[in-house]
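# Coordinates in review
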Amino acid sequence: MGALEKIAEIEREMARTQKNKATEYHLGLLKGKIARLRAELLEVKSAGPKGEGFDVKRSGDARVALIGFPSVGKSTLLSTMTETESAVSSVDFTTLAATPGRWEYNGAIIQLLDLPGILEGASQGIGRGKQVVSTARTADLIVMMLDATKSHLQRPLLEKELETVGIRLNKPPPNIYFKVKTGGGISYNAIAKQSVLNEKFVYNLLHQYRIFNAEVLVREDVTIDDFIDVVVGGRIHLPCLYVYNKIDAITIEEIDKIAREDHTVVVSIEKDLNMDTLKHTIWEYLNLLRVYTKRHGEFPDFSEGLILRTGATVEDACRAIHKTLLDSFKYALVWGKSAKHNPQRAGLTHALSNDDVIEIVRK
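Here's what I pulled together on the structure shown here. (Residues numbered from 1 in each chain as written. Predicted model: local features only at pLDDT ≥ 70, side-chain atom pairs only at ≥ 80, totals over all residues. Heavy atoms only, no water.)

With that settled, consider the overall build of the protein. The secondary structure content of the protein amounts to 10 helices and 16 strands. Across the 363 residues in the protein, those meeting the buried criterion constitute 45%. Nonlocal contacts in the protein, meaning residues at least 24 apart in sequence, comprise 64% of its contacts between residues at least 6 apart. Of the roughly 19300 Å² of accessible surface on the protein, 50% is carried by carbon and sulfur atoms. (Helix = DSSP H or I, 4+ residues; strand = E, 2+ residues; numbered from the N terminus. Buried < 20%, exposed > 50% of the residue type's maximum accessible area, 1.4 Å probe, protein only. Contact = heavy atoms within 4.5 Å. Areas by Shrake-Rupley, 256 points an atom, 1.4 Å probe, with all protein chains shown as cover.)

Following this line, the structure appears as structure tokens:
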């Protein structure tokens, strides 16, 4: 019996089992078995041909992956926001390979990746879905394109496919310290009250994975799925923006209902409705910031800024300017929101804010 058949059998057993306090422990162990089998499947290389756009070289300051079912408007969005011409048609599966596009916004160069439309069961290799969802793991943001005129089930179906390959959407990593050791048995400590996880489950799940020596420290209330994710590893936590296209074909009441959902933007790419909001929201979800540089005695250069990640420090800015700058770094002068006064003398660990101005003083 193959891994897919084993997964299907376990899922049938889970469907037959009533969900209550008494069965939580049993269901958790079954979830652990499924996670292990899926991890084994992901390790198997895809049998699809190489060199057809799925190994696109990363470029720019960030990468955005466009995911969705066929004919929802991914290629139209790419062609609208970039100068790249991606095949556009009302026929399903017009895009057969990953098509990259270059989009410039707020001084940043952002790579948009138009991935082929996927079908239900993509993570098991139906169509070219396994390659598509695996490529999505390399993105900084997933834009899930949805058709506002079709069933709302398309959203949970796509989420399930991404979940299967270890992509967690709009969810921070669980605050669990886990380390496999060479001896000493299993040490379990929870410094926060647990509503579901307990010591017995931790021991049995780790034994199921043939782990007999490990240290586990749980710092927050977590679910069984969270702990399984930590043990299995290889999980990617990514922000996701749900973009509903073709709103020109539905009523105002339907648009209002969809727009109130979390992490959602409604647009009509063909009619150019709400596109500015979409672009601004993508920028916000990428968590990028611009920092401008200046030379001593001169005005700042506002024509071209450094694009850094939110939370970047003076040290990150120095590396972005030139990697050898740290060797002669003395201190930095910072103007802007992050400065207590203008200018503020700062060291390498000073956290920068958007639109700050920085001057590097050398030894």
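From this point, the discussion proceeds with the structure in view.
On to the packing of aromatic side chains. Counted according to the given criterion, the structure contains three aromatic pairs. Measuring from centroid to centroid gives 5.0 Å for Y292 and F302, while their planes differ by 70°, and the two rings are edge-to-face. With Y292 in strand β12 (residues 288-293) and F302 in the loop between β12 and β13 (306-309), this residue pair connects regions lying 10 residues apart in the sequence. Exposure remark for Y292: the relative accessible area of 8% places this residue in the buried category. Aromatic ring contacts, followed pair by pair, group W103, Y105 and W283 into a single cluster. Sitting over the ring of Y242, R155 keeps its end group 3.6 Å from the ring centre. (Phe/Tyr/Trp six-rings, centres within 6.5 Å; stacked < 30°, edge-to-face > 60°. Lys NZ or Arg CZ within 6 Å of the ring centre and 35° of its normal.)

The buried fraction of helix α3 (residues 74-81) amounts to six of the eight residues, a majority that puts the element mostly inside the structure. Contacts from the buried residues of α3 go to β1 (62-68), β2 (99-105), β3 (108-114), β4 (141-147) and α9 (275-285).

Here the focus is the packing of α3 against α9. Taken N-terminus to C-terminus, the directions of α3 and α9 make an angle of 85°; their axes are 13 Å apart at the nearest point. By the angle class used here, α3 and α9 are roughly perpendicular. On α9, the residues touching L77, T80 and M81 of α3 are M275, L278, K279 and I282. Grouping the constituent residues of the contact of α3 with α9 by class yields five nonpolar, one polar and one charged. (Axes fitted to C-alpha atoms, helices over the stretch in contact; angles between N-to-C directions. Parallel < 35°, antiparallel > 145°, perpendicular 65-115°, else oblique. Nonpolar A, V, L, I, M, F, W, Y, C, P; charged D, E, K, R; others polar.)

Our focus in this paragraph is the sheet that holds strand β7 (residues 186-190). Strands sit in the order β6-β8-β7 across an open sheet of three strands; the sheet is mixed. For this open sheet the edge positions go to β6 (176-180) and β7, each flanked by a neighbour on one side alone. With strand direction ignored, the average angle separating the axes of adjacent strands in the sheet is 5°. Sheet strands touched by helix α6 (residues 199-208): β6, β7 and β8 (214-218). Its angle to β7, the strand with the most contacts, is close to 145°. Contacting β6 and β8, helix α7 (residues 224-232) crosses the sheet at an angle of about 35° to β6. (Pairing = 2+ DSSP bridges.)

A word on α6. Along α6, the residues that are buried comprise F201, V202, L205, L206 and Q208. Buried residues of α6, seen end-on, are gathered within an arc of 150° and therefore sit on one face of the element. Sitting at the amino-terminal end of α6 is N198, which places a side-chain oxygen 3.2 Å from the backbone nitrogen of K200. R210 lies just past α6 and shows a positive phi near 60°. (Arc of directions from axis to C-beta. Polar contact = N/O pair within 3.5 Å; in protein donor to acceptor, adjacent residues only side chain to side chain.)

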